[in-house]
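Residue strings, one per chain:
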Amino acid sequence: MHPLQCVLQARRWGPLASVSWLLLRTCRACSSVPSTACPSVERQQEDGVRKDFSSRLASGPTFQHFLRRVSAPQEKPDMEDPPPYLTVDELLGKQRKVYLETYGCQMNVNDTEIAWSVLQKSGYLRTRNLQEADVILLVTCSIREKAEQTIWNRLHQLKALKKKRLRSRVPLRVGILGCMAERLKEEILNREKMVDILAGPDAYRDLPRLLAVADSGQQAANVLLSLDETYADVMPVQTSPSATSAFVSIMRGCDNMCSYCIVPFTRGRERSRPVASILEEVRKLSEQGLKEVTLLGQNVNSFRDSSEVQFNNAVSTNLSRGFSTNYKPKQGGLRFAHLLDQVSRVDPEMRIRFTSPHPKDFPDEVLQLIHERENICKQIHLPAQSGSSRVLEAMRRGYSREAYMELIHHIRESIPG
């Protein structure tokens, strides 16, 4: 009987063993060396191979091993292999000077520190003098029309500065970073021909490549949103050396989809940093002598670290009473109460704050922890979008005026003073 015909006969092996056995028999059938063994000897050999394979399969890695491998946070190298159209030398800053301007929220302040950390490692220098800059980067906001108009006006001012540098040996490069780059994309490149690069909130690692492409005379853009980018391995560089406080980004993006808000479309889906990387950053800030850190995120107390398999079975906490979400309930992961507990233990003398929270994520364990720990500030930022239940429903906030007021009274009772 032809070997391949033997394989096609019905067997009661597992699917993986069947596929492997099929490959083995097919390779043997296609071999240029003819088999001279008698059928009985060949069957004994096949049985021995099958038993050996089955034993090795039983003692090998399970599906959980692969899940753990995929779920574990992967450290990204400081300098990845360059794309085929660029050399390592072309990705280097070569001590060119970068001027950074920040507009908008505290998250943009933190993004500026992340972007500068990436550029610094690539050999760029920082300048606070606009006139001597070789690269000007604007970290932008799109939350309101006025915020965008401010950037358009700023670009018109920079256009004159760039014209003066046309004859210079080192041309001036101008880039738009952040939410406005993500929202307007082609409009910025087409309307303002003097803009050289665009980088969305999840593309700051790509800044050296974008600037290298711009050096060839082309416009370059990366506005791809990521499902897992948290910059967990990028240590932000403090933009103010004399500062006594710092922002620590613990999560990015938003899943709430409020009807009036653009954040889910400019910053993507909600994802949280691993607890270990956050604690490491807080420790370094404490060693530098900083006296206060503010945990930062679009919905900071929605934090949920599910980066490791063992966290997936953690008990989920409930929402504040009378609140709901626009998305399906999320199970597992280490929640904000756990993170707040660990951060407050790093340095008992360091004050801990957090912003911006959503009212729905103030379960009792968070309030109890704030009450117990002396270094967690007793000041809570609790957004009040409207005093009308009808308007709140139209805004898709997930609560009524009555539920919000009940939460206020509950917080006052839980955290006296």
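The numbering scheme is per chain: residues are counted from 1 as the chain's sequence reads. In keeping with the model being predicted, local features are shown solely for residues with a pLDDT of at least 70 and side-chain atom pairs are shown and tallied solely at 80 or more, while totals for entire chains, interfaces and linings include all residues. The side-chain values count all of the structure's non-hydrogen atoms but skip hydrogen atoms and water molecules.

Caption draft 1: Broad picture of the layout of surface pockets. Its boundaries defined by the atoms lining it, the second largest pocket holds a volume of some 800 Å³. Going along the chain from the N terminus, every DSSP run of H or I of four or more residues is numbered as a helix, and every run of E of two or more is numbered as a strand. Elements supplying a minimum of two residues to the lining of the second largest pocket: α5 (106–121) and α10 (263–267). Broken down by element, the lining of the second largest pocket gets its largest block of residues, 4 residues, from α10. Under the convention adopted here, Pro, Cys and the residues Ala, Val, Leu, Ile, Met, Phe, Trp and Tyr are nonpolar, Asp, Glu, Lys and Arg are charged, and Gly plus all remaining residues are polar. In terms of residue class, the lining of the second largest pocket is built from 16 nonpolar, 13 polar and 3 charged. Of the two site types, the cavity is a set of points on a 1 Å grid over the protein atoms alone where a 1.4 Å probe fits but cannot get out, and the pocket is an open set with protein on both sides within 12 Å along at least five of seven lines, each lined by residues with an atom within 4 Å of a point. Grid points are joined across faces, edges and corners, and a volume is the space filled by probe spheres set on the points.

Caption draft 2: Representation of the sheet that holds strand β1 (residues 97–102) within the structure. Two strands qualify as a pair provided that DSSP identifies no fewer than 2 bridges between them. Strands sit in the order β2-β1-β3-β4-β5-β6 across an open sheet of 6 strands; the sheet is parallel. Whereas interior strands pair on both sides, the edge strands pair on one side only; in this sheet they are β2 (125–126) and β6 (220–222). Sheet topology note: the β1/strand β3 (residues 135–140) ladder contains 5 bridges and is parallel. Considered in β3, the bridge of Val98 is made with Val135. Whether two residues touch is decided by their heavy atoms; if any such pair falls within 4.5 Å, the residues are in contact. In this description, a line fitted to the C-alpha atoms serves as the axis of each element, helices being fitted only across the stretch in contact, and the angle between N-to-C directions of two axes falls anywhere from 0 to 180 degrees. Packed on one face of the sheet, α5 meets β1, β2, β3 and β4 (173–178) and runs near 170° to β1. Lying on the sheet, helix α6 (residues 145–164) is in contact with β1, β3 and β4; it crosses β3 at an angle near 175°.

Caption draft 3: Just helix α13 (residues 364–372), in detail. Working definition: with a 1.4 Å probe on protein chains only, accessible area under 20% of the residue-type maximum means buried, over 50% means exposed, and in between means partly exposed. Listed as buried for α13 are Val366, Leu367, Leu369 and Ile370. The arc that holds every buried residue of α13, seen down its axis, measures 160°, which confines them to one face. Along its buried surface, α13 packs onto α12 (336–346), β13 (351–355) and α15 (401–414). It is the directions from the helix axis to the C-beta atoms that the arc portrays.

Caption draft 4: Representation of the packing of aromatic side chains within the structure. Within 6.5 Å between ring centres, the rings of Phe, Tyr and Trp (the latter by its six-membered ring) count as paired, and their orientation is classed by plane angle as stacked under 30 degrees, edge-to-face over 60, tilted in between. On inspection of all chains with the given rule, the structure shows 5 aromatic pairs. Residues Tyr204 and Tyr231 carry aromatic rings whose centres are separated by 5.8 Å and whose planes lie at 20° to one another, so their mutual orientation is stacked. Of this pair, Tyr204 sits in the loop between β5 (197–199) and α9 (207–214) while Tyr231 sits in the loop between β6 and β7 (245–249), placing them 27 residues apart in sequence. Taking the centre distance of 6.0 Å and the plane angle of 25° together, the rings of Tyr399 and Tyr404 count as stacked. Here Tyr399 matches Tyr404 in class, with each residue buried. Taken together through their ring pairs, the aromatic side chains of Phe323, Tyr399 and Tyr404 make up a single cluster. Positioned over the ring face of Trp152 is Arg191, at 3.8 Å from the centre of the ring. In our convention, an over-ring charge means Lys NZ or Arg CZ found within 6 Å of a ring centre and within 35 degrees of that ring's normal. The ring of Tyr327 has Lys330 sitting right over it, with the charged end atom 4.5 Å from the ring centre.

Caption draft 5: Broad picture of the pairing of β1. Bridging between β1 and β2 involves 2 bridges; their strand directions are parallel. Across the sheet, residue Lys97 finds its bridge partner in β2, namely Leu125. Remark: the β1/α5/β2 crossover connection has right-handed handedness. Here is how to tell: hold the view so the strands point away, follow the path from the first strand over the helix to the second, and if it runs clockwise the crossover is right-handed.

Caption draft 6: Focus on the side chain of Arg397. Note that Arg397 resides in the loop between α14 (389–394) and α15. By the counting scheme adopted, Arg and Lys are positive, Glu and Asp are negative, and His together with the chain ends is not counted. The working definition used for a salt bridge is a side-chain nitrogen of Lys or Arg within 4 Å of a carboxyl oxygen of Asp or Glu. Asp361 is the oppositely charged side chain nearest to the buried, salt-bridge-free Arg397, at an N-O distance of 9.4 Å. N or O atoms closer than or at 3.5 Å make up a polar contact, with two conditions inside protein: a donor-capable atom paired with an acceptor-capable one, and, for residues adjacent in sequence, both atoms drawn from side chains. Within the structure, Arg397 has its side chain in polar contact with the side chain of Tyr399 (distance 3.3 Å). Residues contacting Arg397, with those up to four places away along its chain left out, are Cys258, Tyr260, Ser324, His358, Pro359, Pro383, Gln385 and Leu392.

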